[in-house]
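What the coordinates show
These are the residues of each chain, in order.
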Amino acid sequence: WGSLGHITVAYIATKFVKEDTATYFQDLLRNDTEHYMAGVATWADSIRYTKWGRFTKNFHFIDAKDTPPSYCGVDFERDCKEDGCVVSSIQNYTLQLFDSSLYPWRRAQAAKFVIHFVGDIHQPLHAENVAQGGNGIHVKWGNSELNLHHVWDTSIAEKMLGGVRRRQYQAAFEWAANLSSEIQTGKYMAQSKSWTDGMNLDDPIATSMAWANESNAFICSHVLPEGPREIVGQQLAGEYFEKAAPVIELQVARAGYRLAAWLDLIVDRIT
Ligand code: DCM
Ligand code: DCM
Ligand code: DCM
Ligand code: ZN
Ligand code: ZN
């Protein structure tokens, strides 16, 4: 996701974590405001192009080598690169949070990675190989030319919310409040109870592979419904946007809700 998506995921998680969890991460991240997660949600993107952060550049996605739209699916052995992917990274940084031999600043860094990567895995194109997660697919967006990855990371959400290039944190905060009430009492109330089914802190790979497969399934249904060649040059700000917007909302809501549950499990085990 772009920064709007990540910050929104963080604010949703902030709404749903238990009080002990909030206290634990406020202490670790040294921020006792309600912005303790939102404030670090995009940090992993800010370091990925720096010299010291380069080792993390593949940690944001898993390149499913499937064949949309006829077949979608992620396979950990096949698709997770030797030097890591979003699934192995969720496991790695989750385990670092339990490692009391690490300095607190290392565990704080691990928390920042977990907060970010649980968001990214819910972006369908972060669980797809085609054209480097859609980065190589050029499309029309209104009067602009963009790549498909950027459309799903950023453009659809910004259009839904009505142009929020400035005041990202404010827009994210409001969007998160909205999606949180849909989870508690609105359109996601019934289904959200099953969003944490199968979540297992003893098996972070299986847990996050389930999230990756669910996310990747939208490649065949909504991202590339007619395949990677058909979409090239198409105008996506019309009918395509209308079908994509509910998927973005659902995936951002799920990511925030699951991040809260995952952090609760972590703190339950540590304390
Ligand atoms: N940070 C870090 N390493 C960097 C840059 C930032 O550990 N190279 C930490 C310091 C802040 C947090 O990330 O606590 C947020 O960073 P930023 O100020 O870049 O948003
Ligand atoms: N931090 C880091 N690497 C360092 C120093 C700090 O990742 N070498 C991160 C860990 C904390 C945050 O920065 O999240 C706190 O840093 P500061 O006290 O500089 O804001
Ligand atoms: N990305 C992805 N899958 C890939 C390559 C990149 O999901 N195989 C993502 C990571 C960034 C965006 O695409 O969100 C742009 O990546 P880059 O700047 O590495 O091209
Ligand atoms: Zn992206
Ligand atoms: Zn990312």
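The structure contained in this document is the topic of the report that follows.

Cut-off values and rules
Residues numbered from 1 in each chain as written. Chains lettered and ligands numbered in written order. Predicted model: local features only at pLDDT ≥ 70, side-chain atom pairs only at ≥ 80, totals over all residues. Heavy atoms only, no water. Helix = DSSP H or I, 4+ residues; strand = E, 2+ residues; numbered from the N terminus. Buried < 20%, exposed > 50% of the residue type's maximum accessible area, 1.4 Å probe, protein only. Axes fitted to C-alpha atoms, helices over the stretch in contact; angles between N-to-C directions. Left-handed = near helix turned anticlockwise from the far one by under 90°. Contact = heavy atoms within 4.5 Å. Nonpolar A, V, L, I, M, F, W, Y, C, P; charged D, E, K, R; others polar. Donors = N, O, S within 2.8 Å, 3.2 Å for Na, K, Ca; no water. Tetrahedral: all angles 85-135°; square planar, octahedral: opposite > 155°, others 65-115°. Disulfide = S-S within 2.5 Å.

1. Structural notes on unusual backbone geometry
In this model, proline 68 is joined to proline 69 through a cis peptide bond whose omega is 5°. Its place among the elements puts proline 69 in the loop between helix H3 (43-47) and helix H4 (76-79). Located in the positive-phi region is alanine 131, a residue other than glycine, with phi close to 50°. Looking at the element boundaries, alanine 131 is found in helix H7 (residues 130-134). A positive phi angle, near 50°, is found at glutamine 132, a position not held by glycine. Its relative accessible area of 63% is what places glutamine 132 among the exposed residues.

2. Points about the packing of helix H6 (residues 104-120) against helix H12 (residues 239-270)
Where H6 contacts H12, the axes come no closer than 9 Å and their chain directions differ by 140°. Like other packed secondary-structure pairs, H6 and H12 cross with a definite hand, here right-handed. Contacts between H6 and H12 involve Val114, Ile115, Val118 and Gly119 from the first element and Ala255, Leu259, Trp262 and Leu263 from the second. In terms of residue class, the contact of H6 with H12 is made up of 7 nonpolar, 1 polar and no charged.

3. Observations concerning the coordination of the zinc ion (ligand 5)
Around the zinc ion (ligand 5), the protein supplies Asp45 (OD), His60 (ND1), His116 (NE2) and Asp120 (OD) as donor atoms, at distances of 2.0 to 2.8 Å. Seen from the zinc ion (ligand 5), its 4 donor atoms lie at angles of 83 to 172°, and the figure they make is irregular. Counting gaps between the donor residues of the zinc ion (ligand 5) yields the pattern D-x14-H-x55-H-x3-D. The metal-metal distance between the zinc ion (ligand 5) and the zinc ion (ligand 4) comes to 5.7 Å. Residue histidine 60 is found in the loop between H3 and H4, and its partner aspartate 120 is found in helix H6; the two are separated by 60 residues along the sequence. On the basis of relative accessible area, histidine 60 is assigned to the buried category, the value being 1%. Of the residues examined, aspartate 120 reaches a relative accessible area of 1% and is grouped as buried.

4. Regarding the state of the cysteines
Considering all chains together, one arrives at 2 disulfides under this definition. Sulfur-sulfur distance for the disulfide between cysteine 72 and cysteine 220 comes to 2.1 Å. Sign of the S-S torsion, about 100° for the bond between cysteine 72 and cysteine 220, identifies this disulfide as right-handed. Of this pair, cysteine 72 sits in the loop between H3 and H4 while cysteine 220 sits in helix H11 (residues 204-223), placing them 148 residues apart in sequence. Sulfur-sulfur distance for the disulfide between cysteine 80 and cysteine 85 comes to 2.2 Å. Judged by the torsion about the S-S bond (-100°), the cysteine 80/cysteine 85 disulfide is left-handed. We classify cysteine 85 as buried; its relative accessible area is 1%. Disulfides within the protein chain link the bonded cysteines, taken in sequence order, as 1-4, 2-3.

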